[in-house]
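An overview of the molecular structure
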Amino acid sequence: MALLKVKFNQKKRVKLAQGLWLMNWFSVFAGILVFSMGLFLKIELRKRSEVMDNSESHFVPNSLILMGILSCAFNGFAGKICYDSLDPAKFAKWKPLLKPYLALCCVFNMLLFFVALICFLMRGSLESTLAQGLKNGMKFYRDTDTPGRCFMKKTIDMLQIEFKCCGNNGYKDWFEIQWISNRYLDFSSKEVKDRIKSNVDGRYLVDGVPFSCCNPSSPRPCIQYQVTNNSAHYSYDYQTEELNLWRRGCREALLNYYSSMMSSMGAVIILVWLFEMSVMVGLRLLHTSLESIANPEDPECESEGWVLENSLKDTFKSALENLKKLGKFNQVEAGAEGAEGEEGGKIATVS
């Protein structure tokens, strides 16, 4: 029994072809939307590439760009087929291509669904990328005179100001690295010497943070040095909510920003995928309804269209049998080649 079997007359076939033509052009615009989303995400990721450890995060935008281009190409081609199907003479040239085209559409829709899932599941990979990238970026914060790293300070400062965050996991991350350049340290000062000597690696570590960690909404001036020293400041307790630094780490802030963006894009792609599936089903119905016309010379006669010629179970069984036959055929060919090789060896030995 055929799956989704529908009876068509000439009027219904024309309406289906016209509707599919219109839907395919809507799908072209949907493809442009997917392409634009991928391009936008790629630009957003490149803006913060200096605080990302590797380029794995660009898999999603690259996939979206590719899917957008393929969507425009596939649906533009399908629109042409639907338009020509109104004329039997023009449709005849597309008949041999329809089955391979529908098979490619199935592959395309599976890939589109896979990309949508990746948008939702990319959070874990993105988190590790940001964690390591931010850690490395903070280490180079002081290297304002080093070629290739001279803009890292500006990048980190702008990041912390824009996303209202501080450090990798929090403001205390700055206590573990030397973020002040040696050129701004007075090595004749006893305090500087003592701090450097007290550290195994000879680094100048302080319980302070860059200015960009300061919360401008705080009523009191920013306390960015001696953050954990309550006695150094009047009416101050760094463990209370009076601390006027951003408490959220930049890893969490960026992760939430990109994750929400990718989730929204994933939801849009799911909608595009559902639309593409409906277009593919409609094209299959049009294809089978035109092929099953009993009398091609009488275009007004009734015909039947279906998505699958047999039920889903029978179609699956048939596909498995074909795969088994193909496997056996390959084994027979390999056996025949081996036998020919043995006979050739015997003849060479006899001679």
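As a reminder, the structure under discussion sits directly above these lines.
Residues numbered from 1 in each chain as written. Predicted model: local features only at pLDDT ≥ 70, side-chain atom pairs only at ≥ 80, totals over all residues. Heavy atoms only, no water.

**With respect to the nonpolar core**
Counting 79 residues, the largest nonpolar core has Leu41, Tyr171 and Trp174 as the members making the most contacts within it. Listed by contribution, the elements that provide at least two residues to this core are α1 (10-47), α2 (59-84), α4 (95-121), α5 (123-139), α6 (152-163), α7 (190-197) and α8 (250-291). Ranked by residues supplied to this core, first place goes to α8 with 16 residues. Those residues in contact with tyrosine 171, other than ones at most four positions away along the chain, are Cys166, Val209, Val227, Tyr238, Leu243, Leu245 and Trp246. (Core = buried A, V, L, I, M, F, W, Y, C linked by side-chain atoms within 4.5 Å. Buried < 20%, exposed > 50% of the residue type's maximum accessible area, 1.4 Å probe, protein only. Helix = DSSP H or I, 4+ residues; strand = E, 2+ residues; numbered from the N terminus. Contact = heavy atoms within 4.5 Å.)

**Focus: the state of the cysteines**
Each disulfide consists of one covalent bond between the sulfur atoms belonging to two cysteines. For the coordinates displayed, the defined rule picks out three disulfides. Here cysteine 165 engages in a disulfide with cysteine 250; their sulfurs sit 2.1 Å apart. Classification of the bridge connecting cysteine 165 and cysteine 250 rests on its S-S torsion, roughly 90°, and on that basis the disulfide is right-handed. In this pair, cysteine 165 sits in the loop between α6 and α7 while cysteine 250 sits in helix α8, placing the two residues 85 residues apart along the sequence. Residue classification places cysteine 250 among the buried positions, given a relative accessible area of 2%. For the protein, the bonded cysteines connect in the pattern 1-6, 2-3, 4-5 when numbered consecutively along the sequence. (Disulfide = S-S within 2.5 Å.)

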